[in-house]
Amino acid sequence: IGIEHDKQEEVFQEFFQIDNPERDRTKGLGLGLAIVRRLAVLLGHDLRLESEPSKGTCIELVVPSGTNAQDEESKKHENDSIYSDFENLPIAVIDDEPEILQGMRCLLEEWGCRVITASDKEEAIENLAKASLTPKVIIADYRLRGNETGAQAIRALRDRFDQAIPAVIITGDTAANRLREAKQAGHTLLHKPVPPAELRNCLQSLVEQSNADNNVLAN
């Protein structure tokens, strides 16, 4: 539909939507372009917007040419080393947005993880039981449907498996009480949009800490 000139910078801000005053979640969350811009900045790519009201919008992402086969092979071996600790790592991902669940599944499975997804704590427990898996890490969105929170879902899974499973809460909320709540519960808190490298480093730390704790118990 086109974007007014005075709104063309605002569309890249988190949760900003031009034509969704009722905040209908079926029309999205207003995070897409914010994520695109942040990733473009991190990767050093040029992002361009051209738009005219009542005419339409064109957004272009300019990326460099592809690398040669030798570079790709070298990168593959590098990734094999980086993700070796994630091989068959069982992870439960809880989020009430199907698109986010699918994206997280694709990313984590690329790293070698075994991923169980769910929209709430009941579905997570059911799906883990069907797969006969105990998660080594839980990743949960903070705000879930039915006024449920990611913290509650994590607590339910920990109670179900009787383990202090390492957990990550992902949220777009930057309120100070969110930080306090996560810290008090012993959860790692990541803010949307989460760059894959940041998530990878977080998982690496949790896996290393879990292995260290298991070694202490074994000795």
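Just above sits the structure.
Now for a description of the structure that goes with this document. Quantities reported herein were computed from a predicted structural model and do not represent experimental measurements. (Residues numbered from 1 in each chain as written. Predicted model: local features only at pLDDT ≥ 70, side-chain atom pairs only at ≥ 80, totals over all residues. Heavy atoms only, no water.)

### Observations regarding the sheet that holds strand β4 (residues 114–118)
The criterion, for reference: One bridge is not enough; two strands pair if DSSP finds at least two bridges between them. Strands here are runs of E lasting at least two residues and helices are runs of H or I lasting at least four, both read from the DSSP assignment and numbered beginning at the N terminus. Where helices are involved, their axes are fitted lines through C-alpha atoms of the stretch in contact, as for all axes, and angles between N-to-C directions lie from 0 to 180°.
Strands sit in the order β4-β3-β5-β6-β7 across an open sheet of 5 strands; the sheet is parallel. Either end of the sheet is taken by a strand with one partner, and the two such strands are β4 and β7 (188–191). Sheet twist, expressed as the average angle between the axes of neighbouring strands with direction ignored, equals 20°. Bridge count between strand β3 (residues 90–94) and strand β5 (residues 137–141): 4 bridges; the pairing is parallel.

### Topic: the packing of aromatic side chains
To be explicit about the condition: Only centres within 6.5 Å qualify two rings of Phe, Tyr or Trp (six-membered ring in Trp) as a pair; their planes then separate them into stacked at under 30 degrees, edge-to-face at over 60, and tilted for everything else. Burial classification: accessible surface area is computed with a 1.4 Å probe over protein chains only, and a residue below 20% of its type maximum counts as buried, one above 50% as exposed, and the rest as partly exposed. We call a charge positioned above a ring when the Lys NZ or Arg CZ atom is no farther than 6 Å from the ring centre and deviates by at most 35 degrees from the ring normal.
Tallying each qualifying case throughout the model produces 1 aromatic pair. Ring geometry for Phe 86 and Trp 111: centres 6.0 Å apart, planes at 35°, overall tilted. Placement of the pair is Phe 86 in the loop between α2 (69–82) and β3 and Trp 111 in the loop between α3 (98–110) and β4, with a sequence separation of 25 residues. A residue is classified by how much of its surface remains accessible, and Phe 86, at 0% relative accessible area, is buried. Here Arg 160 stacks its cationic end above the ring of Phe 161, 5.3 Å away from the centre of that ring.

### Re helix α5 (residues 150–161)
Formally: A helix is expected to span 1.5 Å for every residue after the first.
Over its 12 residues, α5 runs 17 Å from end to end, which matches the ideal 16 Å to within 8%, given 1.5 Å per residue. Those residues of α5 that fall on the buried side of the exposure criterion are Gly 150, Ala 151, Ala 153, Ile 154, Ala 156, Leu 157, Arg 158 and Phe 161. The first or second residue beyond α5 is Asp 162, which carries a positive phi of 55°.

### Thoughts on a nonpolar patch on the surface
The line we're drawing: Surface patches are drawn from residues lacking salt bridges whose relative accessible area is over 30%; two like charges belong together within 9 Å, two nonpolar side chains (Val, Leu, Ile, Met, Phe, Trp, Tyr) within 5 Å. Areas reported as accessible are Shrake-Rupley estimates using a 1.4 Å probe. Residue values count occlusion only from the protein chains shown. Salt bridge, as used here, is a side-chain nitrogen of Lys or Arg placed within 4 Å of a carboxyl oxygen of Asp or Glu.
On the surface, Ile 35, Leu 39, Leu 42 and Leu 43 cluster together into a nonpolar patch covering about 360 Å² of accessible area. Mapping Ile 35 onto the fold places it in helix α1 (residues 32–43).

### Notes on the packing of helix α4 (residues 121–131) against α5
Basically, it comes down to this: By definition, turning the near helix anticlockwise from the far helix through less than a right angle yields a left-handed crossing, and turning it clockwise yields a right-handed one. The criterion used for residue contact is that any of the two residues' heavy atoms lie within 4.5 Å. Throughout, the ten residues Ala, Val, Leu, Ile, Met, Phe, Trp, Tyr, Cys and Pro are labelled nonpolar, Asp, Glu, Lys and Arg are labelled charged, and all others, Gly among them, are labelled polar.
Contact pair α4 / α5: the axes reach a minimum separation of 9 Å and the direction vectors enclose 35°. The element α4 and its partner α5 pack so that their crossing is right-handed. Packed against α4, whose contacting residues are Lys 121, Ala 124, Ile 125 and Leu 128, the element α5 presents Gln 152, Ala 153, Ala 156, Leu 157, Arg 160 and Phe 161 at the interface. Grouping the constituent residues of the contact of α4 with α5 by class yields 7 nonpolar, 1 polar and 2 charged.

### Here's the deal with the pattern of salt bridges
This model, assessed by the stated rule, comprises 8 salt bridges. Across the pair Glu 148 and Lys 121 runs a salt bridge, and its minimum N-O distance is 3.3 Å. A residue pair is termed long-range when its members are at least 10 positions apart, and Glu 148 in the loop between β5 and α5 and Lys 121 in helix α4 qualify at 27 residues. Classification of Lys 121 as partly exposed rests on a relative accessible area of 23%. Here Lys 130 ties to Glu 126 by a salt bridge, and the two come within 3.2 Å at their closest N and O atoms. Here Lys 130 and its partner Glu 126 are both found in helix α4, 4 residues apart, which amounts to about one turn of the helix. Take Lys 130: its relative accessible area is 64%, and that puts it in the exposed class. Linked through salt bridges whose partners overlap, the residues forming this network are Asp 46, Arg 48 and Glu 60.

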